[in-house]
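Residue-level listing of the chains:
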Amino acid sequence: MTDQSPAIRPLVAGNWKMNGLKAALDEALAVRDALAGGTDNGTDVMICPPASLLMVLAELTRDSAGLQIGGQDCHTAASGAHTGDVSAEMLKDAGASAVIVGHSERRADHGELDRLVRDKALAARRAGLTAIVCIGETAGQRAAGLTLDVVRRQLLGSVPDGATAADTVIAYEPVWAIGTGLTPTLEDVASVHGAIREALATRFGGEGASMRILYGGSVKPDNARELMAVANVDGALVGGASLKADDFLRIIQAYGA
Ligand code: PEP
């Protein structure tokens, strides 16, 4: 394993999914307070709460130098007759700086395909949000030896033309590793992240070479340091372990000073 790409500022983003009532804000505020004045290790930190908590959390962290707020999904349109949906513009207006698109749970639960994910990433760009574009293979695809094919296809289909390192973050999340406690070997992570970097650099040149590639899937305090040290791993997308401030802060600290 080699060091992470030196010029790329890492991002650790917490995805709370459909978890968190108002009382959970205390966990986010503990993160905010621990990061007051910014992280001491040059890491960007974000929490993506459920939509019900986003605006209040954004207000509570507005003056925080260390904690950003993101959405978990957005519609492709800016507004209109789409009951239950939220637009990228609404997330921006509520105080978000980013939005996750194409999470495997949305691909599975809502049948989202690459083209829709790409259009959501374009909506994020239109609204001035960074799109965190999720890709990753299922257990069956991995067993069939299709991991790199799947990841390359999803990258091509889900990331819009003209993507830049400022408006796009890639999150590689093997579906079978999400919420299971399972993780790929460090060699496998290095191989997939290397292939993603190559594809991004080929398609987007310098922007692709400096685009952040997060690893996601059962990142915990006790495995974060080794995962983050893998080449081309520029941070983490963290689900379950982001719900408790102590665990999330220990993952952030995995980057060292
Ligand atoms: C996720 O949902 O993006 C995720 C990585 O979940 P977990 O960390 O719980 O595996």
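Details of the structure are given in the entry above.
Here the structure is a predicted model, which means the values were calculated and not measured. One numbering rule holds for all chains: residues counted from 1, following each sequence as written. The predicted nature of this model means local features are confined to residues of pLDDT at least 70 and side-chain atom pairs, given and counted, to a pLDDT of 80 or more, with totals for whole chains, interfaces and linings taken over all residues. Note: side-chain values were computed over all heavy atoms of the structure, leaving out hydrogens and water.

Engineer: Could you clarify how one ought to interpret the pattern of salt bridges in this entry?
Structural biologist: One side chain can pair with another of opposite charge once the charged atoms of both are near each other. Between Lys or Arg on one side and Asp or Glu on the other, a salt bridge is scored when a side-chain nitrogen of the former is within 4 Å of a carboxyl oxygen of the latter. Evaluated as defined, the whole model comprises 20 salt bridges. For the salt bridge of Arg106 with Glu112, the shortest nitrogen-to-oxygen distance reads 2.8 Å. For the exposure calls, accessible area comes from a 1.4 Å probe over protein chains only, and a residue counts as buried if that area is under 20% of its type's maximum, exposed if over 50%, partly exposed in between. With a relative accessible area of 21%, Arg106 lands in the partly exposed category. Classification of Glu112 by relative accessible area gives buried; the value is 4%. Close ionic contact of Asp114 with Arg107 constitutes a salt bridge, the shortest N to O distance being 2.6 Å. In terms of burial, Asp114 and Arg107 fall into one category: buried. Residues joined in a network through salt bridges with shared partners are Asp73, Arg106, Glu112 and Lys120.

Engineer: Even after reading the chapter, I still don't get helix α2 (residues 51-60), so can you show me in this structure?
Structural biologist: Think of an α-helix as turning once every 3.6 residues; residues three or four places apart then point the same way. Within the span of α2, buried status applies to Leu53, Leu54, Leu57 and Ala58. Each buried residue of α2 lies within a common arc of 135 degrees when the element is viewed along its axis, so the set occupies one face. In this structure, the buried residues of α2 make contact with α1 (25-34), β2 (44-48), β3 (67-71) and α3 (88-94). Secondary structure elements are defined from DSSP: runs of H or I of at least 4 residues count as helices, runs of E of at least 2 residues count as strands, and each element is numbered from the N terminus. In this description, one arc is meant: the one made by directions from the helix axis to the C-beta atoms. Note on contacts: a residue pair is in contact if any heavy atoms of the two residues lie within 4.5 Å.

Engineer: Help me out: how do you make sense of the pairing of strand β4 (residues 98-101) in this one?
Structural biologist: A regular strand places its side chains on the two faces of the sheet in alternate fashion. Covered by surrounding structure in β4 are Ala98 and Ile100 together with Val99 and Val101, the residues of both alternating faces. Being paired, for any two strands, means DSSP has found at least two bridges between them. Of the pairings in the sheet, the one linking β3 to β4 comprises two bridges and is parallel in character. The residue of β4 that forms the bridge with Gly71 is Val99. A crossover links β3 with its parallel partner β4, the connecting element being α3, and its sense is right-handed. Strand direction decides the pairing type here: β4 and strand β5 (residues 130-135), joined by four bridges, are parallel. Directly across from Val99, in β5, lies its bridge partner Ala131. Place the viewer so that the strands point away; then a crossover is right-handed whenever the path from the first strand over the helix to the second strand goes clockwise.

Engineer: In this structure, what is going on with the packing of helix α5 (residues 114-127) against helix α7 (residues 147-158)? I would like to understand it.
Structural biologist: Packed helices, taken two at a time, are described by the angle between their axes plus the distance between the axes. In the contact formed by α5 and α7, the axes pass within 7 Å of each other and the chain directions differ by 45 degrees. By the angle between their directions, the pair α5 and α7 is classed as oblique. Mapping the contact onto sequence places Asp114, Arg115, Val117, Arg118 and Ala121 in α5 and Arg153, Gln154, Gly157 and Ser158 in α7. For the contact of α5 with α7, the per-class residue count stands at two nonpolar, three polar and four charged. The axes used here are C-alpha line fits, helices contributing only the stretch in contact, and every angle between their N-to-C directions lies in the interval 0 to 180 degrees. Here the word oblique covers every angle except those under 35 degrees (roughly parallel), over 145 (roughly antiparallel) and from 65 to 115 (roughly perpendicular). In the scheme used here, Gly and all other residues not listed as nonpolar or charged are polar, with Ala, Val, Leu, Ile, Met, Phe, Trp, Tyr, Cys and Pro taken as nonpolar and Asp, Glu, Lys and Arg as charged.

Engineer: In this structure, what is going on with the nonpolar core? I would like to understand it.
Structural biologist: Side chains of a nonpolar character, in soluble globular proteins, are inclined to be buried together. Definition of nonpolar core: a set of buried residues of the types Ala, Val, Leu, Ile, Met, Phe, Trp, Tyr and Cys, connected through side-chain atoms within 4.5 Å. Core analysis: the largest hydrophobic core is formed by 63 residues, its most contacted members being Ile170 and Ile196. Once you skip the residues sitting within four places of it in the chain, Ile170 turns out to touch Val133, Ile135, Leu155, Val159, Ile196, Leu200, Met211, Arg212, Ile213 and Leu214. With 12 residues, the next largest nonpolar core counts Ala13, Met46, Ile100 and Leu214 among its residues.

Engineer: Can you walk me through the layout of surface pockets in this structure?
Structural biologist: With a probe scaled to a water molecule rolled over the atoms, the places where space remains empty come into view. Considering only enclosed or pocket space, the largest pocket measures out at about 510 Å³ in volume. Only protein atoms enter the calculation, which uses a 1 Å grid: trapped sets of points that fit a 1.4 Å probe without letting it out are cavities, open sets showing protein on both sides within 12 Å along at least five of seven lines are pockets, and any residue with an atom within 4 Å of a point is a lining residue. Lys17, Met18, Gln72, Asp73 and Arg106 are, among the 19 residues lining the largest pocket, the residues nearest its centre. The set of elements that each furnish at least two residues to the lining of the largest pocket consists of α2 and α4 (104-110). Here the lining of the largest pocket takes four residues from α4, the largest share from any one element. Grid points are joined across faces, edges and corners, and a volume is the space filled by probe spheres set on the points.

Engineer: How should I be thinking about the site of the ligand in this particular structure?
Structural biologist: We define proximity as follows: a residue is near a molecule or strand when any one of its heavy atoms falls within 4 Å of that partner. Around the ligand, 14 residues are found, and the nearest of them are Lys17, Glu173, Gly179, Ser218 and Gly239. Polar contact is the term for a pair of N or O atoms within 3.5 Å; when the atoms are in protein, one must be able to donate a hydrogen and the other to accept it, and sequence-neighboring residues count only if both atoms are side-chain atoms. For the ligand, an oxygen atom lies 2.9 Å from a polar atom in the side chain of His103. In this structure, an oxygen atom belonging to the ligand sits 2.7 Å away from a main-chain N or O atom of Gly179. Against a free-state accessible area of 290 Å², the protein chains account for coverage of 98% of the ligand. In terms of residue class, the shell around the ligand is made up of four nonpolar, eight polar and two charged. All accessibility values rest on the Shrake-Rupley procedure with a 1.4 Å probe; residue burial counts only the protein chains present in the view.

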